[in-house]
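Here is what each chain is made of, one letter per residue.
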Amino acid sequence: MDIDQLGNDAKLAATKYFTNMLKKPGQLEKVEQLKNRISRKKTSTEAMLKTAMQSQLDGVTIGMEQLKDALDDISKVKVYLSQTKRSFINLPSLGYKLQDVRTKQMQHSQYLTANENMKHLFTVPESIEKTKQWINEGKFLHAHQCLIDLENSRDDLLFEVHKLPNQAPSDKILLKAYFEDVEVMSDMLKKQIKLVLSRTLNTVRKEPMVIVTVLRIIEREERADTFALQRHKQSGFMPPSRPKKWKEMAFDVLQKSVDQRIEGTQVNERSDNKMWLVTYLELCRLLILEDLRVVKTLCVPCFPPQYDIFDKFVYMYHSSLSANLNDIISDGLEGNEYVTIISWVTNTYPGKELMLHPELIIDIGKVGPLLKSSVVFDLQSKYLEYIKANYKEWMLKTLDTEKNDWYAGASPEVGPDGCFHTAAPVIIFQMIDQNLQVTKTISQHLTHKALLLSVDSVSLYGLSYKEAVIEFKKKHFEDRSKVPFFTHCIITVLNNCLQFIELALEMKQHYWSSDFKDQSSTAYEKLIKTFQNLRDEAAQFLLEEAFLDLDSHFQDLITTKWLTSFISIETICVTLEDYFQDYTHLKPKNLEYIILEAEDIIVRRYIMAILQKKLNFKTYEERRSAADKMTNEVDQLKSFFMRVAPLVIRDKDSPFDAVVKLSEVLKSEDSEILSLDLHTLVKMYPDITEDQMTRLLGLRGDLSRSEIREKVQYAIQGNKELAGTTLTKSIFQQIHL
């Protein structure tokens, strides 16, 4: 540090400071004030410097004194260390000099221990016999006290030997041999305690004090085990047979006892009794309920609170029963045994009949489910597979019965409503209802799965039923004399289809839940569609049988022969009336469908006969006569159908009206009226084809090809506004020439 430089810097700073202050003339008057202010500031600064210097000097002084004290302490420690070092030089010789004292002290300790246990040492055989006698007499507390005294004497002597620096193994062997009967008595008492514990539930009813005595002995042994373990940590010495762990043994015995009681309830085998599983589960329920009542009312007061004996017994019964049920499941279940065990596990066991019984009120959440969810799911899957196989077997039998009845040559049964039917739909749905009632007692989820399975199975039955009906129809039409009741059988099929649909909807109403929004609706739609299609196809078979004999009469329509004869249409009516007498055994919905289909067939074939141009009209009179005959025959057919089926509800637009409209086109005399009639025809039946209209006009015989083409094009052009819209289907769409 350069003092001169600092002085010069200070002078320059002061000169600059005063130069700045005295720049203004007015500041000269305040020079005296400035001098006083600077003087006071200087005095203050000097005082602060003096104070700081004094503080530093005081700190240095104190530090010097502390260093001096530390130096003195170090000198003293050095002296003490030198003295200690000189003292250690004499220690080895001192150890040799005190060896005799050490030996005498150890001998004294051993003699003292031997003296204290002298009474037991000389009376070991007598004490052993006394202990044995008390055990045999059931005086367990006395026996245990005597046993404890013997064990303490043995353990104290062995501990003294253990403390010797040069242990002689022969000493330990000698002592253990001398006290070997002590362990025999301990094992003997242990067996008696195990025997008492194995009969806890019976003994606690009659002699609860015996249970209390045994538990007191177990608690004593637990304390002795704790002491032995602590001493082992400190000295490394562990007495023979320690730790005994009698508390652990007690719970093992209780668990084995519970296992035996659970296993002992299975009194029957599957070969002896089909209801063996139901019997076993009910016996288990009664046994567990009664045993837990005894534990809660009698065992809880006898056992120490820390044993938590009620919860322990609950867990033991739970685990034992769970293991036993898993063994039964692994051995394999059959038939309804699946649903028996599922229902018992999910409803009976955790319900008010057992765990939630008013006298127990056990929290099932503490012990968990009796069977794992994966096991329950597997059981449900196997049960559904069993149901499926059962459905398949029963439905095959039912279908075989149906087919046998078809070929048996007998008329089907007539129900109270006068309709033909068989028991197949009722049998199948009764079986389904029984299964669903069972699953409903388990869970809605399982019921839903079973419902879907049932619906799918019925749909499959419908397909098999359809194949059988088609095969039956083929064989019949190969030789119609072999099955005299073909019509009756097909009527039965139609009625059965309708009954299948009705029963399925009824089943859905009872068992279907809106909570399960999956493939349920699709499955039901598939079932209904399956039997609806079968009903429609069987109806065609029925009508095919009826119209098969009428082919020649339909061929005679709109021919030269037809113009002068009424035989064809009268024969058609008479033949159909004969068949319709059997159709009265159809259910109303089926009868309505058959009637409407029959009307469509007649109209379709009548129109086909018109459009096939089997006649050539030469005059207007011939056309008008033929058109009037068509109208009259239509009225005759309408009257016929009204007579045979008066209750059938018909649409406002009857298919017979199409024949009337065609007849009006035929008998139109004026060209303009003909165009108007064609326009009206196209407007009423927009799906009529150009070819059909061309054939119709060609039947008139008074128009050239160009005129026909022109009028057809005019009629279609006049109705052009319908183009691009969805056309209503009519009878003309069913006509293919």
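- The protein is annotated in an unreviewed UniProt entry as Exocyst complex component 3 from Aphis glycines.
- The Sequence similarities (unreviewed entry) field of the UniProt record for the protein holds the comment "Belongs to the SEC6 family."

### Points about the packing of aromatic side chains
Point 1. In the structure shown here, the tally under the stated rule is 22 aromatic pairs.
Point 2. Seen from their ring centres, Phe251 and Tyr307 are 5.6 Å apart, and the 40° between their planes marks the pair as tilted. With Phe251 in helix α12 (residues 246-264) and Tyr307 in the loop between α13 (276-302) and α14 (309-331), this pair connects stretches of sequence that are 56 residues apart.
Point 3. A residue is classified by how much of its surface remains accessible, and Phe251, at 16% relative accessible area, is buried.

### Brief notes about α13
Point 1. Here α13 contains 27 residues, and its C-alpha end-to-end distance of 37 Å stays within 8% of the 39 Å for a straight helix at 1.5 Å per residue.
Point 2. Roughly 40° is the biggest bend found in α13, and it falls at Lys296.

### A word on helix α28 (residues 671-684)
Point 1. The terminal C-alpha atoms of α28 lie 20 Å apart, and with 14 residues this matches the ideal 20 Å at 1.5 Å per residue to within 8%.
Point 2. When we look at burial in α28, the residues that qualify are Leu674, Ser675, Asp677, Leu678, Leu681 and Val682. Take α28 and look down its axis: the buried residues cluster within an arc of 160°, on one side only. Along α28, the residues that are exposed and aim more than 90 degrees away from the buried face are Glu672, Leu676 and Lys683.

### Considerations on the pattern of salt bridges
Point 1. Applying the stated criterion to the full structure yields 27 salt bridges.
Point 2. When the shortest N-O distance is used, the salt bridge between Glu282 and Arg285 registers 2.8 Å. With Glu282 and Arg285 both in helix α13, this residue pair falls 3 residues apart, about one helical turn.
Point 3. A salt bridge links Lys638 to Asp657, with the shortest nitrogen-to-oxygen separation between them at 3.2 Å. One end of the pair, Lys638, is in helix α26 (residues 620-644); the other, Asp657, is in helix α27 (residues 656-667), and 19 residues separate them in sequence.
Point 4. A relative accessible area of 23% places Asp657 in the partly exposed class.
Point 5. Here the salt bridges do not stand alone but share partners, grouping Arg205, Glu290, Arg293 and Glu359 into one network.

Cut-offs used in this document
Residues numbered from 1 in each chain as written. Predicted model: local features only at pLDDT ≥ 70, side-chain atom pairs only at ≥ 80, totals over all residues. Heavy atoms only, no water. UniProt positions renumbered as here; feature names shortened; annotations may be inferred. Phe/Tyr/Trp six-rings, centres within 6.5 Å; stacked < 30°, edge-to-face > 60°. Helix = DSSP H or I, 4+ residues; strand = E, 2+ residues; numbered from the N terminus. Buried < 20%, exposed > 50% of the residue type's maximum accessible area, 1.4 Å probe, protein only. Expected span 1.5 Å × (residues − 1). Bend = angle between axes of the 7 residues up to and from the residue. Arc of directions from axis to C-beta. Salt bridge = Lys/Arg side-chain N within 4 Å of Asp/Glu carboxyl O.

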